Each structure stands twice: as structure tokens, then as C-alpha cells.
Amino acid sequence: MIAQDIAKTIVSPKAYANGKQVDDAFAYLRREAPLEQAQPEGYDPFWVVTRHADILAVERQNDLFHNGDRSATLTTKEADRRVREMTGGSPHLVRSLVQMDNPDHFNYRRLTQGEFLPQNLKRLEARIREIAKGFVDRMADHGGRCDFARDVAFLYPLHVIMEVIGVPEADEPRMLKLTQELFGSADPELNRSGEEIKDTSASVDTIQSVVMDFMTYFNAVTDDRRKAPRNDIASVIANGKINGEPLGYLEAMSYYIIAATAGHDTTSSTTAGALWALAENPDQLARVKGDPSLMMSFIEESIRWVTPVKHFMRTATADTELAGKPIAKGDWLMLSYPSGNRDEAVFKDPFKFDVGRMPNKHVAFGYGAHVCLGQHLARMEMRILWEELFPRLQSVELDGTPKNMEAAFVCGPKSVPVRFKMN
Amino acid sequence: MRPEIGPRPLQDELTPVSAEPYRFWQCRTCGYLYSEEAGDPMEGLAPGTRWRDIPDDWICPMCGTPKAEFDMVEV
Ligand code: HEM
């Protein structure tokens, strides 16, 4: 069993905001106990999968390690009890791709998969470039100082994904607020109560109220797209058929919610974290600005560097063995993406930000059947933004101390104050 | 090798492998695109490696999906 202080750290929103605390804890685990059980106070025990190779092994075997049998994200016993009470026994408040296993997972994923393939995203390139240009102009208008997270990074991917889904611009602030309330539910600066979370069962009620707000919103969108379909993801979800039947209500609502939340917060965090890293490493900024052929490796390194999704959980469907350890049917496993992405066995100098890193087979998008659906969109959006920004950016440096969001599931920088020169 | 003299062989035997058009294969799960022309040297597949010459137990380098779950696509 993993020692209590380490177990507490790897589930602590504050430790993720600190960054170094979780990095140190996982480095220790990779060295001393790469696959071991943890039971922080208030949680059921779970295996902590820290090594890159073991994360791939679990994710590849998606029939042996399910997403939906228990909560797909870390949850306290108290919160799990409350969720089951509210849902009549299910461990999930929503049922998106993330909570599904086959055959549903395959069928539901196939519905939108094509929209997110690189060749089909090409038609969005010109429009996304227009949006990116607008944000770069706005940054220039700030006159040499801005909070890059709040003023650019949060807003640009939000605008892109909302256009892809089909949410009007006027509703974007509402979508951003709801997303931050959901992923930032443990962060007093972002959550709905504005307070530290002490009672995790009460926080489930708060999250549920955020989910209800999303559902009310997207239910109206469904009605609209059934009457008048358009060329957007909302129309695909509203009019989609699985085995000849329309999507279930919970499944349809959950589909909108995952696209509307996972579709920007992660990309925003990566964008903000990348500029933070460049501001701290002017040599790396000079390299990538001077050599456009490094663009894609720079983007890959940004994604590895930030790793905005901190974990997903899996549940063993049978007794098995992993890395020499016996895993019992029903055991819960935490896939630690930040740990996999700092694994010394795979990455040379893993704590160094290297815009030319190659190869860079990070696990920030996951792996296997659930691998991120939006990965090509995320890369494309970031590439376009940097292509527009770099030629105009002469210098950038930190203008205060950046701050990370407090969350153990999805998080990244919430504030990156910078001073910069642009032409 | 094309015989210089003798009976004319069937067209298939005649066409060198490299004259066949190169194709693209795409992973159904993650969208990874394999180009026969470019190969994937990082994965040990030299430029010009045909899809059929890649072993059956090969998996997608991006997401681990089996080779059988790739589709031939036009790009
Ligand atoms: C840098 C940006 C992003 C990162 C780091 C990221 C990361 C992830 C990760 C780690 C997973 C879970 C994979 C697994 O279980 O193996 C995931 C799933 C998912 N992501 Fe992303 N994501 C990003 C951007 C996006 C975007 C732009 C969308 C747009 C729609 C999106 C939609 C989804 C969906 C729908 C799933 C669920 C897939 C499934 O379970 O089959 N993501 N993402």
C-alpha cells in the first residue's frame, strides 16, 4: 500500500495546482512502487498506474479494463454514495463516451468520429484562422501586457468548439462559466459556491446542478436541430441514430456536455501552459520562431508538458495480472497521464521543455479505444494560433506569477500574466 | 524482372510493385494515417512499405488499434 502522505498528494487539487508536489510524488512512485494500491482517507482503494508502458497496456485492453463499471474519474466514497442515490444506482451523473464500454462505446463514437478526422477538419482551417487572427489582434490591442490565460487561451478554443458544435457566440460566456464550474468544482475561485470544498457529497449536488443547467440548454438545442438541421455537431447528435433509434436523452445530453467541456478547457490549458513555458525559456521560443519545421514537435511537447487531463479510472472486469501484480475483478485503477508523460524510461530529460523533442509518444490524449476524439482538432487549433502569433511576437516574459487551477481531474493554468512586444 | 525475349507475360507479373499506386490507410479509432509512399520511419517502416507487407500483429502507433481495424482512404 502506498504511504498516506503520497496517497493524499496524488488526489489533492492543491497539489496539482502546485505542480511540483505531484511531480515529486509520481517520480518517487515510478522509482519505488510503479504499480501499487493507494487508499487516501475517504476513498476506496485503487491501483496507481504510473508507468507509460502500463498505462498503454491497460488502455489497449478495453474489454478487460472497463470505463463504465465504476466511476470513470476519482471520487470519494461519500460522493459515490451520493451519485448512486441520485441516479438510482449508477456511479455516473452523465453517460458520455467516457462512461461507456462496447458495444455502446463503438456505436456512439462512430456517430461523430468522421467529423473529427484530419481530412474532414481541413474545411474548418480558413474559418479557424480568421478566429485566431482576431485573438492575436486583440492581444496586440492589450498594449504589451495581458493575462494570456484569461484574455486569449480560455477564449479562443472555446470559440472554435462552440462554432463546431453550433452554439451561438452570445452563449459562450455561459458555456465557459459552466465548464469552469464543472472542472474547477474544487477550486474556490472557479466553483459555484465560491468556497473550499469540505463536504464531498454536497459538492456532488453542486456538480449535478451544473449538469442540469447544461442539459436545460442543450435540450433546447436538440429541439431546434430536429426542426431545422444545420451543418454542425449539434445536428449530428440531435438527429443521430444508434441501431436505428435516436440517442437516449441522457446519452445525447452527455454527448453535448463532453464536446462542450472537453473540447476547449484542455486545449486552453495547453495553450496557456505553452506560452508560460516559452516565456520561461526564451531559447526555446527563439528556436521554434526561427524554424517553422519545429511547429508540430513544439505542439506535441506543449501537450506533453501540460498534460491537462490528470487521470481517468478503469475497472478490471476479470482477475488478471499487470506488471507482475495480481489485479482482482472489480479493482479500480487510476491511469496517471502526468506520470506516464514524465516516465524516465520513455522520455529523455522528462522535466525539460524541449520544442524539438522527437520521438514524443506522450499519453496526454490517452490511448486505445477511448483515445481523445478531438486530438486532431486540438492540434490544428493550436498550430493555427501559433502560426498567426509567432511572426508578430518579438518577445514575451512573465509579468507576475502564473497560477494553476486546483483540480485533480482536468486542469491547467488559470492565470498567466505576461509582458510582451508585438508588431 | 521483365524478360527480354520469349512469350509476353501476364500484365500483373510484368508491372513492378513500385508502379502500383501508393495508398493511404487510416486507423478507425484515432485517425492515424499511414501513407505507403512515406512509410513511417519512426516506427521502422521504410518509405514505400506496402500495407500488405506490414505484419498482421502490427498495431496503430498512436492508439494501439489492431491493423485489421484500418480503412483504405482517399486523401
Ligand atoms: C490538448 C487538448 C486535449 C487533451 C489533452 C485531451 C485529452 C483527452 C484524454 C486523456 C481523453 C481520454 C482518453 C482515454 O481514455 O484514453 C480524452 C477523451 C476525449 N476527448 Fe479529448 N483532449 C483534448 C481536446 C479535445 C477536444 C478539442 C475535443 C473536441 C471535441 C475532445 C473530445 C474528447 C472526447 C469526446 C473524448 C472521449 C473519447 C472516448 O471516450 O471515446 N478532446 N481527451
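Residues numbered from 1 in each chain as written. Chains lettered and ligands numbered in written order. Predicted model: local features only at pLDDT ≥ 70, side-chain atom pairs only at ≥ 80, totals over all residues. Heavy atoms only, no water.

### Re the interface of chain A and chain B
And step 1. Listed per partner, the contact involves 17 residues of chain A and 14 residues of chain B.
And step 2. Of the roughly 1100 Å² buried where chain A meets chain B, counting both sides, 53% is carbon and sulfur surface.
And step 3. Of all residues in chain A, the largest losses of buried area upon contact with chain B belong to Gln119(A), Lys361(A) and Tyr367(A), amounting jointly to 34% of the total for that side.
And step 4. Inspection of the region where chain A meets chain B yields 1 salt bridge.
And step 5. With its nearest N and O atoms 2.9 Å apart, the salt bridge here joins Lys361(A) to Glu43(B).
And step 6. Run the count over chain A and chain B and you get 9 residue pairs in polar contact (both at pLDDT 80 or more).
And step 7. For the side of chain A that touches chain B, the secondary structure elements donating two or more residues are helix H6 (104-113), helix H7 (118-121) and helix H19 (375-389) of chain A.
And step 8. The greatest single-element share of the side of chain A that touches chain B, amounting to 3 residues, is contributed by H19(A).
And step 9. Grouping the constituent residues of the side of chain A that touches chain B by class yields 7 nonpolar, 5 polar and 5 charged. (Contact = heavy atoms within 4.5 Å. Buried area = accessible area lost by both parts, 1.4 Å probe. Salt bridge = Lys/Arg side-chain N within 4 Å of Asp/Glu carboxyl O. Polar contact = N/O pair within 3.5 Å; in protein donor to acceptor, adjacent residues only side chain to side chain. Helix = DSSP H or I, 4+ residues; strand = E, 2+ residues; numbered from the N terminus. Nonpolar A, V, L, I, M, F, W, Y, C, P; charged D, E, K, R; others polar.)

### A look at the site of the ligand
Residue and element names in this part refer to chain A.
And step 1. Of all residues adjacent to the ligand, which total 28 residues, the nearest are Glu59, His105, Arg109, His370 and Cys372.
And step 2. Measuring from an oxygen atom of the ligand, one finds a side-chain N or O atom of Arg109 at 2.8 Å.
And step 3. Between the ligand and His370, the relevant distance is 2.7 Å, taken from an oxygen atom to a side-chain nitrogen or oxygen of the residue.
And step 4. Counting residues per element, the shell around the ligand draws most heavily on helix H15 (residues 265-280), at 3 residues.
And step 5. Each residue belonging to the shell around the ligand can be placed in one class, and the counts come to 17 nonpolar, 8 polar and 3 charged. (Near = heavy atom within 4 Å.)

By themselves, these are just geometric observations and shouldn't be taken as functional.
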